[in-house]
Every structure is written in structure tokens, then in C-alpha cells.
Amino acid sequence: MAMPIADKDVVWVEEPPMNFWESTFLPAIVQGLKITSSHWTDFKTVTEQYPEQKPVLPLNYRGVHRLNRDEKGRVKCVACMMCATACPAHCISIEATEAPKDDPLWADRDKYPASFVLDELKCIYCGMCEEACPCDAIELTHIYDLTGATREEMLFDKEKLLSVFDQTKDSGRDPVRTSRGRLSGCSEFTALPPLAPATAVKPDDRSAKAPSPGVISQ
Amino acid sequence: MSELLQIPLVMAALAIVVALSAILTACAYLILLERKLSAWMQDRLGPNRVGPFGLLQPLADGVKLLIKEAVIPDHVDRFLYLLGPAISVFTTMLAFAVVPFGPVSHKPGEFPFIIAPNIDLGIVFIFAVTSLAIYSIILGGWASNNKYSALGSLRASAQVVSYEIPLGMSIVGVALLNHTMSLERILLDQAQAGFAGWNIWYQPVAALIFFIAAMAESNRLPFDLTECEQELVGGFHTEYSGLKWAMFFLGEYTHVITISFLMSILFFGGWHCPVIAEADSAYAGAWAVKVAVLLIKVSGFIILIQLLRWTIPRFRFDQLMGLAWKVLIPLATANVLLVMCVLEFGFDPLWLLPLSIGLFAGAGLIGTQTTMRGGETGSRRRGAEVAHH
């Protein structure tokens, strides 16, 4: 049954009437010219002069990977293959091996990666490996301008990834991160440093009792 | 050496060399100026990497366009395809031959600041030659064998042909007032009459019409429907690359320069400036001051045209044609009528100023009746109410 629309439901929208001067559109043009010429004269440009001015990246920017070392200088990675499994681009290849049994340095470690190859060209920089790692071993740094002359050069092996760590651990932009709120067995932190909450948390709220209140966990 | 310069042809050749090289360099740097101004208006910097402030950018652009592969697509009509840009540059450069760019002198040994002096029909020559420029757009679009280009050139031809009429008619008033069609004479008359003799005081409406029609002629925003990217990829110049494309834009920028010259010469007194560059200034270096004054006025108009590019939204094609046929042509006709009446009945030409403003007001009042009353929508509502019952 098609009902005609009732009159009371119809809203007639009319153009606002213009007076004589407005109808010539000349005042509008003059106003437009004032706006554009004021942009000339206030010298506020939003251009970043790269490469003299580098962009300010957000703190969790996903750039080139690194393998973290623990405080004894050993690689943190225990070759559990979680990052290789989580990677959607299948760019991580790990070969696990037993830690040397007669080396006192490796006394409390079972496994470590004999070879850890990450293809930076295949990687889509999604950060799933960083999220999957239980030992805070693999992280993405803020390095965005990675270049290479050959494809082989961009297959980062363990030494190269560790060298990225050595370069960036003190840069201030890439602190060693953990999965906030969840300390796993092989993390070197026993407590988390205080972190400002992402959202305001009332003290009587249930989330105030979390290890890091206010953090939006993944 | 100086007897060589006494030969008029040699002097004309020298003037051609000076003028054309100046124009071609100016075109290249106008493109840079346009990019910088457009950038500043949009809160960014223009090209600033090549040379200080990007001053070598036109050189880089020129070299790039020159060494680019000259691709001629397989499906084009070769002769017409190559003829299009050639006509564009040819006609616009030719139109500049009668435009004075300094204090014109006809004495044999002095530099005539005009390429072709003593042409009594200067204005008619310019309009005739620039009307030929539409061929370049039509040929460019047609020869490209491409629907978008053909559409663009069709629209462009309709637009240019329509705006030729108010362009010519707005100048009829000026020609009648100064009793001459020669650009040099018009300039000289304004200079001799002083600041109050500038034609802008007598023909403000004609100046406005001329400016709008000239911008439409050279396909500048807000009239650039024919080459806008949102609608037509590139319009008539889609299939052109490298130097052929550069020639189209050389022609367009030369046209912009020519109309800025015409605006300043016809309406704003050319090289005349109240104290420093009077008609009888003959101090040493007066010619340089006069050329500088003219160039300042011309650059002012060029900057205004480039400002307007980013100020006014583009016209729709029917609005564009409506503006030409329904607004500018009647206004220009009425303006010519006014001038004829004033001249016939012997009134003081200064009467033209209030009469022109009155004409503008009257035309505006007539033309804006519909928008002021909320006309169309109101009548639609009244019609709907009637139909509903």
C-alpha cells in the first residue's frame, strides 16, 4: 500500500534569499580573495623539509625489526617459533638449537636460535611477531628509511638484527618494550615501570586493580 | 653600428628578439611563480630544491621536457596532432606583435618598444589572431582520437567562441572614447590626460567584462572546464607529452601575459604613473622607469589571475555559457550604447562613471530578481501545492 507522504512530514528547504550585492557574487569573490591572500602573508606552511627535518614518528611506530639482548648480552629469543607462526607474510625462518651445555653463561637457557632470518622485503610490518613473542625478544623499531642494493642484503640474519638492537637501544625512541600487563617467564622485568593510563581510571573501577591501569590491552 | 640600427627592419628584428626572448623566459618563470603562489595559498612551499627558492626549476622543467621521448601515439592524425601546439604558440606570439611594452617611439634610431608600430587596428589584430588560437585546442582534441580530448576540445571551442563576443564588445567602448583602435594611441591619450584620464574611470564595467572574458578565453580557472583533471583527465592535451605539451602551456601563459598587458594598457594607463612617469618625462632613464611601471602593472594582473585560480570554484559548463550569453553580452551591449549616447549628445565623458555604475546596478537588479525572491524553489512549492490539490 503506497501512502503519499503527509504534508506535515515534508520539509521545504529554500535557498536563503540574497540581497542585491550578494547576487552579483562580487562580495563573495572579494572575500575569497581576502582568504587566499591572507594565506600568502601569514607564512605558516605545513611542509616538512625532508631530509633536513625528519618526521616525528609516533612511539609505537612499526619499522625495522631487532632482536633484543638480555642484561648478560645473550639473545633473548628462545626459538619458540611463535613469531614465525604468527607472521602473515611468512618472512621469518628460525633454526633452533640447544644452548651449549658446558657454557656457564647459558646455564639457565635451553634453546636459542642458531639462525634467525627475517626477510625485510617480504615483511608487511604488521607487528604480529612483536605481539606474539613471549620473551620480548623481537621488536619493531622506528627505522623507516631502510634501503638496500640487493635482495640478499635485505635478508636480515641474527647478527644484523642484533646489530639493529645495539644501534637503537639507546636512541630514546625505542625502549625495550614488553607486552604491557603480561610478564612472561623469560622477561627480565619483574615489575612494570609506571605508565600513564591511556584513559582515565576511577579508583573504584575494576580495571584500577590491573597491573597497568588504564592501558587498552590487545 | 648605429646606421645599421637606423634601418627599420633591423630595429624591428631587434625588438622581436628582445620581446620574444623576454616572453619565453617570462612564461617559464611564470609557471614557477604560479606554482609558488599556489603553494603559498595552500599553506605549503612551492618548488624550493632546485636552486635558491626554486629559481632554477624552470630550467630543470625545460630540460626535462626537451629530452623527453617524443611519443606520437599510433592512432592520431599526425599532421593535425603536430599542428595543434604549433598554432597555439604561433597565434599567441603573433598577438604580442602590436602590444607596446614601453614608451613607443617611431624615430628610426630609437628602440621602438613595440614589434610592429603604427598599426591602426591594433586591437582588432589582437582579437583576430587570438581567435585563431581556438584552432589549436580543437585540433589538439580532435586529432588525439580520444573521447575525453574530443569532449574537452568541444567544450573549449564553445566556450572560447562565446566569450569572444563580450571580449570584443567591451573594447568598443574604449575605442569609441579614444577615437582610435591603435593600442599605442590609446596609451598615449591616457598618459597625456594624466591619472584622471585612465580609462578605468570611464569604463569600469567594460574593464570587468574584458577581464572576465579574457580569463575565459585563455581557459584559466574558474573557466578551465576544458582542461580540468577531475572531469577530463587532461582534456585536449591528454595525449601530448614532452615538448608538444609544453608548447600548449607556453601558448596559454603567453595569452595570460598578453591579456595582462592589454588590461594595463587599455584601462590602467600603461606605463603612466602620476609623478615619475608622465607623458612628457624625458629624464635620463625615463624609458626604464616607464617599462618598469608597465611591468609592475602587468605583474599585478598576472598575480591577480593566479590568485583567482584558487579562489573561485570552477564553473559548470551551462553556468559558463549562461554567464557569457545572458550576462556579459547584454552588459557589454548596454555599455556600448551608453558610450554612444554620451558621445553623440556631447556630454562630458566623466558622466560615464556614474552611468556605468548605474548600468551595473540596474542590470544586477534585473538579473537577481529570481535569487532575491527565492524564486525557483518558491515557485516549485507553489506549483506543488497546486498539483497536490
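Residues numbered from 1 in each chain as written. Chains lettered and ligands numbered in written order. Predicted model: local features only at pLDDT ≥ 70, side-chain atom pairs only at ≥ 80, totals over all residues.

J.: So what exactly am I meant to see when it comes to the overall build of chain B here?
T.: Across its full length, chain B carries 17 helices and zero strands. With respect to the principal axes defined by its C-alpha atoms, chain B has extents near 90 × 65 × 40 Å. The buried share of chain B, reckoned over its 389 residues, is 40%. Intrachain contacts of chain B at a sequence separation of at least 6 include 75% that bridge at least 24 residues. (Helix = DSSP H or I, 4+ residues; strand = E, 2+ residues; numbered from the N terminus. Buried ≥ 20, exposed ≤ 12 C-beta atoms within 10 Å, placed from the backbone. Contact = placed C-beta atoms within 7 Å.)

J.: Mind showing me how you'd approach the interface of chain B and chain A here?
T.: Every contact between the two is made by 19 residues of chain B and, on the other side, 20 residues of chain A. Listing elements by their share of the side of chain B that touches chain A, those giving two or more residues are helix H2 (8-41), helix H15 (352-367), helix H16 (369-372) and helix H17 (375-388) of chain B. Considering every element that reaches the side of chain B that touches chain A, the biggest residue donor is H17(B), with three residues. Class assignment for the residues of the side of chain B that touches chain A results in eight nonpolar, seven polar and four charged. (Nonpolar A, V, L, I, M, F, W, Y, C, P; charged D, E, K, R; others polar.)

J.: Just to check I follow, could you spell out the packing of H2(B) against helix H12 (residues 242-267) of chain B for this structure?
T.: A pair of packed helices can be characterised by two numbers: the angle between their axes and the separation between those axes. All names here are of chain B. Axis separation between H2 and H12 bottoms out at 9 Å; the angle between their running directions is 100 degrees. The angle between H2 and H12 places the two elements in the roughly perpendicular class. Contacts between H2 and H12 involve Ile23, Ala26, Cys27, Leu30 and Ile31 on the former and, on the latter, Leu250, Tyr253, Thr254 and Ile257. When grouped by side-chain class, the residues that make up the contact of H2 with H12 number eight nonpolar, one polar and no charged. (Axes fitted to C-alpha atoms, helices over the stretch in contact; angles between N-to-C directions. Parallel < 35°, antiparallel > 145°, perpendicular 65-115°, else oblique.)

J.: Even after reading the chapter, I still don't get H2(B), so can you show me in this structure?
T.: Given 3.6 residues to a turn, an α-helix orients residues that are three or four positions apart in the same direction. Under the 1.5 Å per step criterion, the end-to-end length of H2(B) is 46 Å for 34 residues, consistent within 8% with the ideal 50 Å. Every buried residue of H2(B) is accounted for by Met11(B), Ala15(B), Ile23(B), Cys27(B), Leu30(B), Leu32(B), Lys36(B), Leu37(B) and Trp40(B). Residues of H2(B) that are buried make contact with helix H2 (26-41) of chain A together with helix H1 (2-6), helix H3 (57-67), H12 and helix H13 (286-309) of chain B. (Expected span 1.5 Å × (residues − 1).)

J.: In this structure, what is going on with H13(B)? I would like to understand it.
T.: Residues and elements named next belong to chain B. Compared with the 34 Å implied by 1.5 Å per residue over 24 residues, the 35 Å span of H13 between its first and last C-alpha is a close match. Listed in full, the buried residues belonging to H13 are Lys290, Leu294, Lys297, Val298, Phe301, Ile302, Ile305 and Gln306. Structurally, H13 contributes buried residues whose contacts are with H2, helix H10 (204-217) and H12.

J.: I'm lost on the pairing of strand S3 (residues 111-119) of chain A in this one. Help?
T.: The side chains of a regular strand alternate, first on one face of the sheet and then on the other. All names here are of chain A. Where strand S2 (residues 92-98) meets S3, seven bridges bridge the pair, whose relative direction is antiparallel. Residue Glu98 lies in a different strand from S3, and its bridge partner there is Lys111. Pairing of S3 with strand S5 (residues 155-156) involves two bridges; the strand directions are antiparallel. In the strand pairing of S5, Leu118 is matched with Phe156. (Pairing = 2+ DSSP bridges.)

J.: It is not clear to me how unusual backbone geometry should be interpreted in this structure. Could you clarify?
T.: When glycine is set aside, most residues are seen to have a negative phi, and most peptide bonds are trans. For the peptide bond that leads from Tyr50(A) to Pro51(A), omega is 0 degrees, which places it in the cis range. Among the structural elements, Pro51(A) can be located in the loop between H2 and strand S1 (65-67). For Met81(A), which is not a glycine, the phi torsion comes out positive at approximately 70 degrees. Summarising the element assignment, Met81(A) is placed in the loop between S1 and helix H3 (82-86). Even without being a glycine, Asp43(B) presents a positive backbone phi close to 60 degrees. If you trace the backbone, Asp43(B) turns up in the loop between H2 and H3.

J.: For this particular structure, what's the right way to read the environment of Thr92(B)?
T.: Residues and elements named next belong to chain B. Along the chain, the position of Thr92 falls in helix H4 (residues 78-95). As a C-alpha pair, Thr92 and Tyr253 span 161 residues in sequence and 9.0 Å in three-dimensional space. In this view, Thr92 contacts Thr130, Ala133, Gly251, Thr254, His255 and Thr258; residues no more than four positions away in its chain are not counted.

J.: How should I be thinking about the nonpolar core in this particular structure?
T.: It is characteristic of soluble globular proteins that their nonpolar side chains tend to be buried jointly. In this structure, Ile209(B), Phe210(B), Ala213(B), Met263(B), Leu266(B) and Leu328(B) are the most contacted members of the largest nonpolar core, which totals 84 residues. A total of 14 residues in this core trace back to one element, the largest contributor, which is H12(B). Those residues within four positions of Ile209(B) in sequence are excluded, and the remaining contacts are Pro166(B), Ser170(B), Leu328(B), Leu331(B) and Ala332(B). Cys87(A), Cys91(A), Leu161(A) and Val164(A) belong to the second largest nonpolar core, which has 24 residues in total. (Core = buried A, V, L, I, M, F, W, Y, C linked by C-beta atoms within 7 Å.)

J.: Would you take a moment to explain the sheet that holds S2(A) for this structure?
T.: Sheet strands line up and pair through hydrogen bonds in the backbone, either parallel or antiparallel. All names here are of chain A. Taken in spatial order, the three strands make up an open sheet running S2-S3-S5, and their pairing is antiparallel. If you trace the sheet from one side to the other, it starts and ends with S2 and S5, each paired once. Across the sheet, helix H5 (residues 158-168) is in contact with S3 and S5; its angle to S3 comes to roughly 85 degrees.

J.: Even after reading the chapter, I still don't get the packing of helix H7 (residues 147-178) of chain B against H10(B), so can you show me in this structure?
T.: Residue and element names in this part refer to chain B. Interhelical geometry of H7 versus H10 gives an angle of 150 degrees and a closest axis separation of 8 Å. Overall, the two elements H7 and H10 adopt an arrangement that is roughly antiparallel. Crossing hand, H7 versus H10: left-handed. Side by side, H7 and H10 meet where Gln159, Val160, Tyr163, Pro166, Leu167, Ser170, Ile171, Gly173 and Val174 of the first sit next to Ala206, Ile209, Phe210, Ala213, Ala214, Ala216 and Glu217 of the second. Residue composition of the contact of H7 with H10, by class: twelve nonpolar, three polar and one charged. (Left-handed = near helix turned anticlockwise from the far one by under 90°.)

J.: Would you explain the environment of Ile212(B) in this entry?
T.: Residue and element names in this part refer to chain B. Residue placement: Ile212 occurs in helix H10. By C-beta crowding, Ile212 is classed as buried, having 21 other C-beta atoms within 10 Å. In sequence terms Ile212 and Phe223 are eleven residues apart; their C-alpha atoms lie 9.3 Å from each other.

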